[in-house]
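Overview (structure and organization)
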There are 2 protein chains.
Amino acid sequence: MEAVTLKLQTGDKRPLYEQIYRYFIGEMESGRLKEGEKLPSKRALCAALGVSQSTVETAYGMLTAEGYLRAVPKSGYYVSAALARSVPAGELRPPAGAEDLPPQPPRFDFSTGAVDTSLFPYASWARISREVISRDPQLLQRGEAEGDRSFRETLTVFLREYRGVRCEADQIVVGAGIEYLLSVVVRLLPEKAVYAVEDPGYGALHRVLSSHGRSICPIPLDDEGMDEAALRRSGANVACVTPSHQFPMGVTMPVGRRSRLLYWAEEAEDRYLIEDDYDSEFRYASRPIPAMQGMDGGGKVIYVGTFSRSVAPGIRVAYLVLPRSLIGRYREIFGYGASTVSRFEQQTLRLFIQRGLYSRHLRRSVNLYRKKQERLLEELRALPGAETRGTEAGLHFLLTVPGKDEKWLAARAAQADIPLRGLSAYCLGKPPLLGTVVVGFAGLKTEEIPAAARALTEAFTE
Amino acid sequence: MEAVTLKLQTGDKRPLYEQIYRYFIGEMESGRLKEGEKLPSKRALCAALGVSQSTVETAYGMLTAEGYLRAVPKSGYYVSAALARSVPAGELRPPAGAEDLPPQPPRFDFSTGAVDTSLFPYASWARISREVISRDPQLLQRGEAEGDRSFRETLTVFLREYRGVRCEADQIVVGAGIEYLLSVVVRLLPEKAVYAVEDPGYGALHRVLSSHGRSICPIPLDDEGMDEAALRRSGANVACVTPSHQFPMGVTMPVGRRSRLLYWAEEAEDRYLIEDDYDSEFRYASRPIPAMQGMDGGGKVIYVGTFSRSVAPGIRVAYLVLPRSLIGRYREIFGYGASTVSRFEQQTLRLFIQRGLYSRHLRRSVNLYRKKQERLLEELRALPGAETRGTEAGLHFLLTVPGKDEKWLAARAAQADIPLRGLSAYCLGKPPLLGTVVVGFAGLKTEEIPAAARALTEAFTE
């Protein structure tokens, strides 16, 4: 690019890094800085502007985290292709462009959706797959819309044993991921339904609801999960909750609150609870807590679960347990179609469960993730004043660094090539905790945990 | 197990296979037949009961399909572990409604969505699957929302070569079936969009649109496909067409009509064409006709295709080619999610295509289906006055029996255990042809075609 014409304003109240950040966004929006162009090196820019290296690093880190720039190791920073091409000036959506980049593994993977790939039973999965492929030619034909009956039968037993879910095979719908299944649920419920969602909460739910034009009421959480009084005031008739392990806060909803939500749902015919049980398998201090669905006597709970965390996110198998009252509507809309999950994979997973391989795999996974979490928490004690929350369960926790801004934390981490999201990325309203980032640990390799914790600690220390 | 104490009742109105089926369920419920126990061989049971082999096969088939039994190749049938454990006596849901019944293969499979399973390359598919499973642990992690980039790159080449589709990898979205992908498209287009659909047409499209609350205008067809004048009068702004091979009429849209539809779409910014290219690979009299997408200079065509017919419906892989103008909206709604297709299967299919196995498989398939169609048409000449239409392409055709009512035809076929649908099952308005049923032939075994044709001819003769 041509010379940097930025003049830092001492009278400007904004921090220096933000001035630099905004300057480059302006250059991109105006087209002066084009797709693929290289930015000045950090060192050169420090010298030109007379600021510290960390100021420039923070600015570049923010631009990278938000997808404006692409960091090429040992080369420098480049204007992201996607953004330069598609985004009209002023309309920039933050991390949109990031997806256009070929997925490069980050230095340390603190994302919330990863798993430890060393756990996966490659040999037995491959063996069962081969067996399934050559076993029954009928598996090539179109299967039942709700998933193969034999797989659903296995799931009813599985769900009762592992989650206390009580259902029969005809209530189950197998589908390609929770996000897809939520879009199925939305089409089963009346268009006028108003959805109460946890705030902070699972972003995909929000996107599914709004892309279907549904009304959303964000409900703040207290230390038991969705605040029931706020739910009542909201006028919503469908409450979407993660009772086993609130995402991302990590709270487990106590049984009293669960009962009160069930009472609330039973008060009117059009009320439902959507229970998202996404990672309930992983509890470290106690046994898994049975699902709310098992307490439901009134057919009010729509239960959603997935094998993404317990087997692998790359294999797309999730399931829905419908109350009997919604089965007819399901068949009307979806009954003529085919399942969204390959029958080979349904049958592979069925045999994997039936032969006891799943339970062994899960036991190993829980043990490994417990150890990893313990180790990471131990290492993070080096970060003065840092607090962690939601460590009793799941594959992520919250890390709060008092006195720091979460944007600053995320930018500093991005500079160190560690993608991290602040809590507000999961919020519709104000984040309930300041200076907080969401830290996943399943994707970190055990042996790299000390180095990863050190890198994070260094990034967060001025 | 101990001796089979079943006595078949001649006074019992239930078919023999059902008596056998219920007997074994009773034995399992009462606990007399336990988890893992082996059942008598089919041959032994035939001899003991004095019934035909097919009666026992039907009963064992039902029990296996419903998950009660597990068939172990070259060994026999065993009581399924999961069920023996799970099913408390008396709580079993009887297979009450037709919908609850496991999908039983009909006597002759004239359905439009089946494939010939003898074509499937079991060995190479299993070999590539195993290779993929053990190749790259990163495949276990969450993949890109629109599908793995490497697979999309392969698809761009594939689509150019096979279908004349011109696109880049970032326009492609891989998804679990055309029906799913249509529901994605509906959410990309404005809520107010009005959809023109072919009448007769693809039922799933209609269900997707109405379950999203979208407005639908059925447009009658002429002998070139969707009637353009009627489309203009309708006020619709999205036209959904099957130009390569209209479903179910079998018409191929000539290039003049294609151009006029493209002109229509270019006249207004909010107009789009959805091109469903579901079975374009199969043409018997000529080479496949390139997709309309390849003629589109204005970014007006949303292209949808699938591997359901050319590989197998049980493997759920379809794809969407978006015009550039819709990519941003796609990323906004779906960009943060994961693909609905397992990465193992994306990669297996990618290698299957890249190594030339797909093209070989397709050549063999086209040849076999051509022969089957010829044979079936020849045999159906025995039906006096019968006319066939739409035989130039695809895996189905129309069969008209003049002077007969299609309801009567379908009922007579059903009596002979041959499920068939009348043309009006695909119509929103009146069917354009009377006395017409839709006949698929891909799922018929080659050797059973004469018998199947004879059964149909007999059913249709009073």
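Residues numbered from 1 in each chain as written. Chains lettered and ligands numbered in written order. Predicted model: local features only at pLDDT ≥ 70, side-chain atom pairs only at ≥ 80, totals over all residues. Heavy atoms only, no water.

The helix and strand tally for chain A stands at 15 helices and 14 strands. Relative to the compact-globule value of 23 Å for 462 residues, chain A shows a C-alpha radius of gyration of 24 Å, a close match. Referenced to the eigenvectors of the C-alpha coordinate spread, the extents of chain A come out at roughly 70 × 55 × 45 Å. Summarising the internal contacts of chain A: among those between residues at least 6 apart in sequence, 72% fall at separations of at least 24. Carbon and sulfur atoms provide 50% of the accessible area of chain A, an area that totals close to 18,200 Å². (Helix = DSSP H or I, 4+ residues; strand = E, 2+ residues; numbered from the N terminus. Rg over C-alpha atoms; globule rule 2.2 N^0.38 Å. Contact = heavy atoms within 4.5 Å. Areas by Shrake-Rupley, 256 points an atom, 1.4 Å probe, with all protein chains shown as cover.)

Turning next to the sheet that holds strand S14 (residues 436–440) of chain B. All names here are of chain B. Pairing in this open sheet of four strands is antiparallel, and the strands run S11-S12-S14-S13 from one edge to the other. With one partner strand each, in any of the chains shown, strand S11 (387–389) and strand S13 (421–422) form the two edges of the open sheet. Note: strand S12 (residues 396–400) against S14, five bridges, orientation antiparallel. Each residue of the ladder has a partner; that of Thr-400, found in S14, is Thr-436. Here helix H13 (residues 357–380) sits on the sheet in contact with S11, S12 and S14, set at roughly 5° to S12. (Pairing = 2+ DSSP bridges. Axes fitted to C-alpha atoms, helices over the stretch in contact; angles between N-to-C directions.)

This brings us to the packing of helix H7 (residues 178–188) of chain A against helix H11 (residues 327–334) of chain A. Residue and element names in this part refer to chain A. Following both chains from N to C, one finds H7 and H11 inclined at 105°, their axes separated by 10 Å at the closest point. Comparing their axes, H11 and H7 come out roughly perpendicular. Two secondary-structure elements touch here, H7 through Tyr-180, Val-184, Arg-187 and Leu-188 and H11 through Arg-329, Tyr-330, Ile-333 and Phe-334. The residue makeup of the contact of H7 with H11, split by class, is six nonpolar, no polar and two charged. (Parallel < 35°, antiparallel > 145°, perpendicular 65-115°, else oblique. Nonpolar A, V, L, I, M, F, W, Y, C, P; charged D, E, K, R; others polar.)

Right, let's talk about unusual backbone geometry for a bit. All names here are of chain A. Note that the residue after Phe-247, namely Pro-248, is joined by a cis bond; omega there is 5°. In this structure, Pro-248 sits in the loop between strand S7 (238–241) and helix H10 (255–266). The phi torsion at Asp-417 lies on the positive side, around 60°, for a residue other than glycine. Here Asp-417 is to be found in the loop between helix H14 (406–415) and strand S13 (421–422).

Counting from both sides, the interface comprises 65 residues of chain A and, opposite them, 66 residues of chain B. Of the roughly 6,000 Å² buried where chain A meets chain B, counting both sides, 54% is carbon and sulfur surface. At the boundary of chain A and chain B, one finds zero salt bridges. Our enumeration of links across chain A and chain B arrives at 13 residue pairs in polar contact (both at pLDDT 80 or more). Going through the elements one at a time, helix H4 (81–86), helix H5 (122–135), helix H6 (149–163), H7, helix H8 (203–211), H11 and helix H12 (343–354) of chain A are the ones with two or more residues in the side of chain A that touches chain B. Sort the elements by how many residues they give to the side of chain A that touches chain B and H5 of chain A lands first, with seven residues. Grouping the amino acids of the side of chain A that touches chain B by side-chain chemistry returns 27 nonpolar, 14 polar and 24 charged. (Buried area = accessible area lost by both parts, 1.4 Å probe. Salt bridge = Lys/Arg side-chain N within 4 Å of Asp/Glu carboxyl O. Polar contact = N/O pair within 3.5 Å; in protein donor to acceptor, adjacent residues only side chain to side chain.)

Looking now at the side chain of Gln-293 of chain A. Relative to the elements of secondary structure, Gln-293 of chain A occurs in the loop between strand S8 (272–276) and strand S9 (301–306). Each residue touching Gln-293 of chain A, except ones within four places of it in the same chain, is listed here: Val-165, Arg-166, Cys-167, Glu-275, Val-301, Tyr-303 and Val-321 of chain A.

As a further point, take the side chain of His-245 of chain B. Among the secondary structure elements, His-245 of chain B is positioned in the loop between strand S7 (238–241) and helix H10 (255–266). Among all residues touching His-245 of chain B, those that are not within four sequence positions of it are Gly-250, Val-251, Tyr-278, Asp-279, Gly-390, Ala-393, Gly-394 and His-396 of chain B.

Quick look at the pattern of salt bridges now. Between side chains of opposite charge, a pair can form when the charged atoms approach closely. Residues and elements named next belong to chain A. A complete count under the given rule lists 43 salt bridges over all chains for this structure. Across the pair Arg-329 and Glu-332 runs a salt bridge, and its minimum N-O distance is 3.4 Å. Taken together, the positions of Arg-329 and Glu-332, both in helix H11 and three residues apart, correspond to about one turn of that helix. Linked through salt bridges whose partners overlap, the residues forming this network are Asp-222, Glu-224, Glu-228, Arg-232, Arg-257, Arg-260, Glu-267 and Arg-271.

Evaluation of the coordinates by the stated rule reveals 39 aromatic pairs over all chains. Consider the rings of Phe-120 of chain A and Tyr-122 of chain A, whose centres lie 5.1 Å apart with planes at 70°: the pair is edge-to-face. Exposure remark for Tyr-122 of chain A: the relative accessible area of 22% places this residue in the partly exposed category. One aromatic cluster is present, built from ring pairs that chain together Phe-120, Tyr-122, Trp-125 and Phe-352 of chain A together with Phe-344 of chain B. (Phe/Tyr/Trp six-rings, centres within 6.5 Å; stacked < 30°, edge-to-face > 60°. Buried < 20%, exposed > 50% of the residue type's maximum accessible area, 1.4 Å probe, protein only.)

Residues and elements named next belong to chain A. On average, residues of chain A score 88 in pLDDT, and 92% of them are at 70 or above. When the criterion is pLDDT under 50, residues 82–102 qualifies, and its contacts beyond four places in sequence or with other chains add up to 39 contacts. Interface confidence for the predicted complex, given as ipTM, is 0.78, next to a pTM of 0.78. (pLDDT = per-residue confidence, 0-100.)

Turning to helix H8 (residues 203–211) of chain B, its buried residues number three or more, namely Ala-204, Leu-205, Arg-207, Val-208, Leu-209 and Ser-211 of chain B. Here the buried face of H8 of chain B lies against H7 and H11 of chain A together with helix H7 (178–188), strand S4 (194–199), strand S5 (215–222) and S7 of chain B. Positive phi shows up at Gly-213 of chain B, right after H8 of chain B, with a value of about 70°.

Before going further, it helps to examine the nonpolar core. The tendency in soluble globular proteins is for nonpolar side chains to be buried side by side. Ranked by internal contacts, the top residues of the largest apolar core, which has 197 residues, are Phe-307 and Phe-460 of chain A together with Phe-307 and Phe-460 of chain B. Here the element with the most residues in this core is H13 of chain B; it accounts for nine residues. When neighbours within four sequence positions are excluded, Phe-307 of chain A is seen to be in contact with Phe-151, Leu-155, Phe-158, Ala-312, Val-317, Tyr-319, Leu-349, Ile-353 and Tyr-358 of chain A. Among the nonpolar cores identified, the runner-up in size contains 78 residues, and Ala-318 and Leu-398 of chain A together with Ile-178 and Cys-240 of chain B belong to it. (Core = buried A, V, L, I, M, F, W, Y, C linked by side-chain atoms within 4.5 Å.)

Moving on: the environment of Leu-444 of chain B. Note on placement: Leu-444 of chain B falls in the loop between S14 and helix H15 (449–459). Measuring from C-alpha to C-alpha, the distance between Leu-444 of chain B and Asp-109 of chain B comes to 5.6 Å, with 335 residues separating the pair along the chain.

Counting across every chain of the model gives nine cavities of 30 Å³ or more. Approximately 110 Å³ is the volume attributed to the largest cavity. When residues of the lining of the largest cavity are traced back to their parent elements, those giving at least two are H5 and H12 of chain A together with helix H5 (122–135) and helix H12 (343–354) of chain B. When the residues that make up the lining of the largest cavity are grouped by side-chain class, the tally is six nonpolar, four polar and two charged. As a volume, the second largest cavity reaches approximately 90 Å³. Around the second largest cavity, the lining residues are Leu-182, Val-197, Glu-198, Gly-201, Tyr-202, Leu-205, Cys-240, Val-241, Thr-242, Ile-274 and Asp-276 of chain A. Looking at the lining of the second largest cavity, the elements that each hand over two or more residues are strand S4 (194–199), S7 and S8 of chain A. The residue inventory of the lining of the second largest cavity, partitioned by class, reads seven nonpolar, two polar and two charged. (1 Å grid on protein atoms, 1.4 Å probe; cavity = no way out; pocket = protein on both sides within 12 Å on 5 of 7 lines; lining within 4 Å. Points joined across faces, edges and corners; volume = space filled by probe spheres on them.)

Looking along a regular strand, one sees side chains alternate from face to face of the sheet. All names here are of chain B. Here S7 shows no split at all, with Val-238 and Cys-240 on one side and Ala-239 and Val-241 on the other all buried. Relative to S7, S4 runs parallel, the two sharing three bridges. Counterpart to Val-197 in the pairing with S7 is Cys-240. Note that S7 and strand S8 (residues 272–276) share four bridges and pair parallel. Within the sheet, the bridge partner assigned to Cys-240 lies in S8 and is Ile-274.

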